[in-house]
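# Observations on the model geometry
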Amino acid sequence: MTAITIRVAETDDGVMACFPVMAALRPHLVRSEFLSKVRRMSAEGYHLACLSVDRNVEAVAGYRIVEMLRTGRLMEIDDLVTSADARSRGFGKRLFDWCLETARASNCSLVELDSAVHRSDAHRFYFREKMHVLAFHFSRSVRD
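Attention in this report is confined to the structure presented alongside it. (Residues numbered from 1 in each chain as written. Predicted model: local features only at pLDDT ≥ 70, side-chain atom pairs only at ≥ 80, totals over all residues. Heavy atoms only, no water.)

## What to know about the sheet that holds strand β5 (residues 110–113)
Neighbouring strands of a sheet are bound in pairs by backbone hydrogen bonds; such pairs are parallel or else antiparallel. Just so we agree on the cut-off: Only when DSSP finds a minimum of two bridges between them are two strands counted as paired. Secondary structure elements follow DSSP: runs of H or I of four or more residues count as helices, runs of E of two or more count as strands, with numbering from the N terminus. To obtain an axis, a line is fitted to C-alpha atoms, over the contacting stretch when the element is a helix, and the angle between two such axes runs from 0 to 180 degrees between their N-to-C directions.
Spatially, β1-β2-β3-β4-β5 is the arrangement adopted by the 5 strands of the open sheet, whose pairing is mixed. With partners counted over all chains shown, the strands left at the sheet margins are β1 (4–8) and β5, one partner each. Taking each pair of neighbouring strands and ignoring which way they run, the sheet shows an average axis angle of 25°. Summarising the sheet, strand β4 (residues 72–82) and β5 pair through 4 bridges and their orientation is parallel. What sits directly across from Leu74, in β5, is Leu110.

## Focus: the side chain of Ser83
This is how the line gets drawn: In this analysis, two residues are considered to be in contact whenever any of their non-hydrogen atoms come within 4.5 Å of each other.
By the element assignment, Ser83 lies in the loop between β4 and α4 (91–105). Ignoring any residue separated from it by four or fewer positions in sequence, one finds Ser83 in contact with Val21 and Glu58.

## Digging into the side chain of Asp79
The cut-off we apply is this: Here a polar contact is recorded for every N or O atom pair within 3.5 Å, except that within protein the pair must consist of a potential hydrogen donor and a potential acceptor, and residues adjacent in sequence are included only if both atoms are side-chain atoms.
Residue placement: Asp79 occurs in strand β4. A distance of 2.9 Å separates polar atoms of two side chains, one belonging to Asp79 and the other to Arg26. Dropping the residues within four chain positions of it, Asp79 is found in contact with Met22, Leu25, Arg26, Tyr46, Val60, Ala61 and Gly62.

## Some remarks on the pairing of β4
Going by this rule: Three exposure classes are used, based on accessible area relative to the maximum for each residue type with a 1.4 Å probe and protein chains only: buried under 20%, partly exposed in between, and exposed over 50%. When the strands point away from the viewer, a crossover counts as right-handed if the path from the first strand over the helix to the second runs clockwise.
Summarising burial for β4: 8 of the 11 residues are buried, a large majority. Inspection of the sheet shows strand β3 (residues 56–68) paired to β4 by 10 bridges, in the antiparallel sense. When the sheet's bridge partners are listed, Tyr63 is paired in β4 with Ile77. Where β3 folds back on β4, the antiparallel hairpin that results is connected by 3 residues. In this view, the connection linking β4 to its parallel neighbour β5 by way of α4 has right-handed handedness.

What follows is the structure, given as structure tokens:
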């Protein structure tokens, strides 16, 4: 019998078990720096949730609960990714649904995320999950 669990990675081993899946979305990450980076971000409200199948991490979601004047409390999903070998098995949807429930339980009014313009497969998933394009997200380096 296959055991599927979703939990927030809190231990060092739990965080590091998420690295291979997260690195597929964020290839610039360095394994030896991942734990300290997640710990620094956690001090600022970042959480790393993982979906495991028989104890193997197959999908991860990095998120924060924040409050903004325009929205009130909301969940901002920084990262949402399923391992390449586990795609199209419903794990992304299960983890996204878990995020929605966590946002509801945290008294959030919205769940938001940014998705790079070239990630059309991800966009199709988000549209199926009743998300919509709300705005353009602008960015500028402070070094320019």
